[in-house]
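What follows is the residue order along each chain.
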Amino acid sequence: MKNNQLFCLFFFLLAVSVSNAQQDTLSVQTEKITEEQEKDYEPYNALAPSKAAFYSAILPGLGQAYNGSYWKIPIAYGGLATGIYFYLENDKQYDRYRDAYKDRLAGRTDEFQGRISDDGLRRAQEFYQKNKEISILVTVGVYILNIVDANVEAHLRQFNVDEDLSLRPNLDFDALSGKTNYGLTLNFNF
């Protein structure tokens, strides 16, 4: 049984190596570029990523418009608007509790009289101050993410992804020694 399997494997490898030996290794394959492929071709623009990042830094969303990703512009403005909204809301609440605490220290009545202690007013101020700072960080993070997104997308737009992504196994026949070489190669065609 084992001899049969070895014989079949040997016969298969022999057939593949003989068929491979018949190939002309000096032949040059040329591809004709059709008019449709020529229209899709754009030369590499090394400044496109930095230009997109610059546009996004000047006006958020402008780099996405430069790249043609118009659907990302509302996301960028939504993220920035959300961060700004929460900053303003937390600032308003911080001022409210700070003014109540100042009134209480001055001996005047405040809107939280009898409901919140002095320590509670201080903790509320710290809570809203921390939330204000987080809102600023989120807003700056969305702004930076907007710039990075425009830059990365401009880089990836210039990356050529060909439809011909195929794997072609091949056995290499050494013409000098007459032996078949086994191995794995990775070939890129430009």
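These lines cover the structure that appears in this document, whether it is placed above or below.

Reading guide: rules and limits
Residues numbered from 1 in each chain as written. Predicted model: local features only at pLDDT ≥ 70, side-chain atom pairs only at ≥ 80, totals over all residues. Heavy atoms only, no water. Helix = DSSP H or I, 4+ residues; strand = E, 2+ residues; numbered from the N terminus. Buried < 20%, exposed > 50% of the residue type's maximum accessible area, 1.4 Å probe, protein only. Polar contact = N/O pair within 3.5 Å; in protein donor to acceptor, adjacent residues only side chain to side chain. Core = buried A, V, L, I, M, F, W, Y, C linked by side-chain atoms within 4.5 Å. Contact = heavy atoms within 4.5 Å.

1. Let's talk about the environment of I58
Relative to the assigned elements, I58 resides in helix 3 (residues 48-58). Separated by 89 residues in sequence, I58 and I147 place their C-alpha atoms 9.5 Å apart.

2. Overview of the side chain of D110
The topology assignment puts D110 in the loop between helix 5 (73-106) and helix 6 (118-157). Judged by its relative accessible area of 11%, D110 is buried. Here R104 takes part through its side chain, which lies 3.1 Å from a polar atom of the side chain of D110. Side-chain polar atoms of D110 contact the backbone nitrogen of Q113, separated by 3.2 Å.

3. Quick notes on the nonpolar core
In terms of nonpolar packing, the biggest core is built from 8 residues, these being Y94, Y97, A100, Y101, F112, L121, A124 and Y128. Counting residues per element, the ones that place at least two in this core are helix 5 and helix 6. Element by element, the count of residues in this core is highest for helix 5, at 4 residues. Beyond its immediate chain neighbours, meaning those up to four positions away, Y128 contacts N90, Q93, Y94 and Y97.

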